[in-house]
Amino acid sequence: MLRAHPIEGRQVDRATAFAALAEHHLDAGYNLAALILGNRDEAEDATHDAFVAAWRSWGSLRDPNRFEAWFDRILVNACRDRLRRARRHPVIDLSETLIDPAAPGDIAVSTAERDAIGRSLERLNPDQRIVVVLRFYRDLPVEEIAARVGVPAGTVKSRLHYALRELGVALGGRHPEVAR
Amino acid sequence: MNEHETERELRAWFAAQPPLAAPPELRRSVAAIPATTQLPLAARLAAALTWRPVFVPRAAWALIVVALAIALVGTTVYVGSRLLDARPVLPPAVVSTPAPTPTATLAGMPIGAYGACASAATAPITLTTLDQETGDGISSAIDQLNREFQAANPGVTIAREQRSADDLKASVQAALADPDGPDIVQVEQGREAMGAAVRAGLLLQLTDYATQYGWDDRWAPGILARSSFSDDGRTFGSGTLYGVSVTGEIVGLFRNNHFAADDPGRGSLSPQSLAELMEIFSATKEAGDVPVVFGAADGDAIEIYASILEAMVELEWLDDFVYGRNNVSFATPETVAAAELLVEMSDRGYFTEGYESIGHDDAVALFASSKGEYLWADSRVGPTLDAVDGVTFYFKAVPPLQAGDLSRSAGGVGLPWAIRKTSPDPDCAGAYLDFITSDHAMRLLANQGVLPSRYVGGAPEPMQALSYTDVAFIFADASTSGRLGHRLDAAFPTARETLTANLAALMAKVISPEEFVQVIDAAYQAYLTTLR
């Protein structure tokens, strides 16, 4: 059997490791992108772009155990770039495009509520939407979100606070504190 | 719906989302990436250095790697020495200052100032400060910080002198030139005050204190740039740091929630673009209310015009305009478009009737008494509004030009505090600047209802001061992400007077939007010629 050239062999090692991690994290990444972007096609493209970027910067990943956080950051950047490049509010409907009608599941909220929340998420700006998804979908603490988004923890808190206010207005029909 | 209810709804909604399986095409394309995507050159070189080709003998490979390392080190040393040669020469007292030892604590917080003022234990030091912070909240906060600094630095006395903004502006150069003058002085950003002081060699460079105390991590580069000049004082917005700011300010939209309570449907609107904001104003007008409480008599039109303009332009252009760089012109399509929108708002009756003769304080009072839905103003009116009984307010950033973009906010930081170059106690003065901009100081300011130059927490009590938290969070977001614009009246010495007079003429239709930008540009270009 011919022995692989060492450099090529290194490439093969990298490719094997990358493929294994990519396969393991593919669904999670795709779901995250879908919730941030609110559109399956966009999510597919963003996820692919993020994995390409991850492969190209593979050398910067020091610890394979940190792949998820490292890749999330790349993916979040890819999603943010897509939202900004669009230079308009994406035409999305989270309630219709994300939920597969054929998929079985215990849907806890009514369709009307679901639509309202989906629409209210559309109104958030990209940065707000990203921190909301990471906080309430991924259930990440603020510090972990800060690491993934690349901003100070205080900025994450402010974005979350402001996003919740926006959502409170959209869902409640009035500013949160008005009800006090 | 309050924040906790919103959080609960969100968690339920996300939990209800059925997991999606990645489409097979995506799965295939991701699996093929290593075979179809070439690694960048740097990655391939790294691989080559890490793994020895089998046809190269081990010893020869080691020599190659060593030779590469020597070449790399040599280049680094050469470049580093060139950079060091280019560094400005700092006063010996600053260069020789040892790092402070945090030996004292205040409310559990180490105070690095102690070491820098340690000599006061044998020879008492009096630090004289000169500032214009006469407002209730900020003034009492500074007094408290002074007491705390003295307590943490035995032998140090802070002698504080306050002057009105106009008095300080008129006397700051003389104070800095006085060999027995104040050690620490608030010096207005811009060429007229700070630039002139730098040119005259009156201000101490703060570079080493910034390094020593980690100020580069406290503020974003765009904030520090506002107090930076080249060493000859001619280039503004870059170079050496000469001051640090304690407070911040931001222009946005205060909203009177009386209107939301009356009409929850209208209250739910949250504009994502300038066009949507205009739609909201239109709906308010149709409902018979005043969309924007406004008084032009004290020059407040500048803030509205600046906000609209800053939503339209690239921030690089704005930096160039305010810093007087790259010979930019004010006559651009965006400056004309912003002027047109301001006139259109006036034509559509979105402003308080008779706004031409209404002053700033009167406009705030009208807004506080629910004579209109929005007040387009800077954050300094927040404490006044939060003190109003029976009505709540909130604060929003002016939306971007297009939905989906990130909003930019006109605003800035307060007058920076600087050190007189001939101060006999520069290290202790540096420690003082560090202390009044520490996390502890920022939180104390926030608790007094003052917007600090960086938000680290805290808020005035009681918590019905609702607009404060909005202001603080929006300022924190904008200032840490490079989206805090500028005040247009900082661009050249006569900017405020020139803009005020010509915005009035514009809104009265004495001049057209094109004529407005031409006359501003003429004044700006005349100013630029004085810089050459």
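Residues numbered from 1 in each chain as written. Chains lettered and ligands numbered in written order. Predicted model: local features only at pLDDT ≥ 70, side-chain atom pairs only at ≥ 80, totals over all residues. Heavy atoms only, no water.

### Quick word on the nonpolar core
Residue and element names in this part refer to chain B. Using the following cut-off: Here, the term nonpolar core denotes a set of buried Ala, Val, Leu, Ile, Met, Phe, Trp, Tyr and Cys residues that are joined through side-chain atoms within 4.5 Å. Buried, partly exposed and exposed residues are distinguished by accessible area as a fraction of the type maximum, computed with a 1.4 Å probe on protein chains only: under 20%, between the cut-offs, and over 50%, respectively. A helix here means a DSSP run of H or I that spans at least four residues, while a strand means a run of E at least two residues long, and both kinds are numbered starting from the N terminus. Either an automatic procedure or a domain database provided the assignment from which the domain bounds are taken. The contact criterion used is simple: two residues touch if any of their non-hydrogen atoms lie within 4.5 Å.
In terms of nonpolar packing, the biggest core is built from 76 residues, with F281, Y305, I308, F321, W376 and F516 touching the most fellow members. Per element, the largest residue contribution to this core is nine residues, and it comes from helix α17 (residues 301-312). Of the domains in this structure, domain 2 (102-247 + 414-458) and domain 3 (250-407 + 485-529) are the two that each give at least three residues to this core. Those residues in contact with I308 that lie beyond four places of it in its chain are L274, A338, L341, L342, M345 and W376. Counting residues in each nonpolar core, the second largest holds 70 residues, with Y209, A397, I436 and A476 among its members.

### Section: the packing of helix α7 (residues 142-149) of chain A against helix α8 (residues 153-172) of chain A
Residues and elements named next belong to chain A. Applied cut-off: Here an angle of 0 to 180 degrees is reported between the N-to-C directions of two axes, which are lines fitted to C-alpha atoms, with helices fitted over the stretch in contact. Comment on the angle field: the value is read as roughly parallel under 35 degrees, roughly antiparallel over 145, roughly perpendicular from 65 to 115, and oblique elsewhere. Polar here means any residue other than Ala, Val, Leu, Ile, Met, Phe, Trp, Tyr, Cys and Pro, which are nonpolar, and Asp, Glu, Lys and Arg, which are charged; Gly is therefore polar.
Taken N-terminus to C-terminus, the directions of α7 and α8 make an angle of 105°; their axes are 8 Å apart at the nearest point. One element, α7, and the other, α8, form an angle in the roughly perpendicular class. Contact residues: α7 offers V142, I145, A146 and V149, while α8 offers A153, V156, K157, R159 and L160. Partitioning the contact of α7 with α8 into residue classes produces seven nonpolar, no polar and two charged.

### Focus on the sheet that holds strand β13 (residues 417-419) of chain B
Whether parallel or antiparallel, the strands of a sheet pair through hydrogen bonds between backbone atoms. Residue and element names in this part refer to chain B. What counts, and what does not: Only when DSSP finds a minimum of two bridges between them are two strands counted as paired.
Reading across the sheet, the four strands line up as β4-β3-β5-β13 and stay open at both edges, with mixed pairing between neighbours. Sheet topology places β4 (156-162) and β13 at the edges, where each strand pairs with a single neighbour. Strand-to-strand twist of the sheet, defined as the mean angle between neighbouring strand axes without regard to direction, takes the value 20°. The sheet contact formed by strand β5 (residues 184-186) and β13 spans three bridges and is antiparallel. Bridging from a neighbouring strand, Q186 pairs with W417 of β13. Together, β3 (125-131), β4 and β13 form the strand contacts of helix α8 (residues 136-152), whose direction differs from that of β4 by roughly 165°.

### As for the layout of surface pockets
The test is simple: A cavity, in this analysis, means grid points on a 1 Å lattice covering only the protein atoms where a 1.4 Å probe fits yet has no way out; a pocket is instead an open set bounded by protein on both sides within 12 Å along at least five of seven lines, and a residue lines either one if it has an atom within 4 Å of a point. Grid points are joined across faces, edges and corners, and a volume is the space filled by probe spheres set on the points.
Its volume calculated, the second largest pocket comes out at about 440 Å³. Looking at the second largest pocket, it is lined by 19 residues, and the ones nearest its centre are P152(A), G154(A), Y455(B), V456(B) and T480(B). Mapped by element, the contributors of at least two residues to the lining of the second largest pocket are α8 of chain A together with α12 (215-218) and α24 (466-480) of chain B. Classifying every residue of the lining of the second largest pocket by side-chain character gives nine nonpolar, six polar and four charged.

That is the geometry; function is a separate question.
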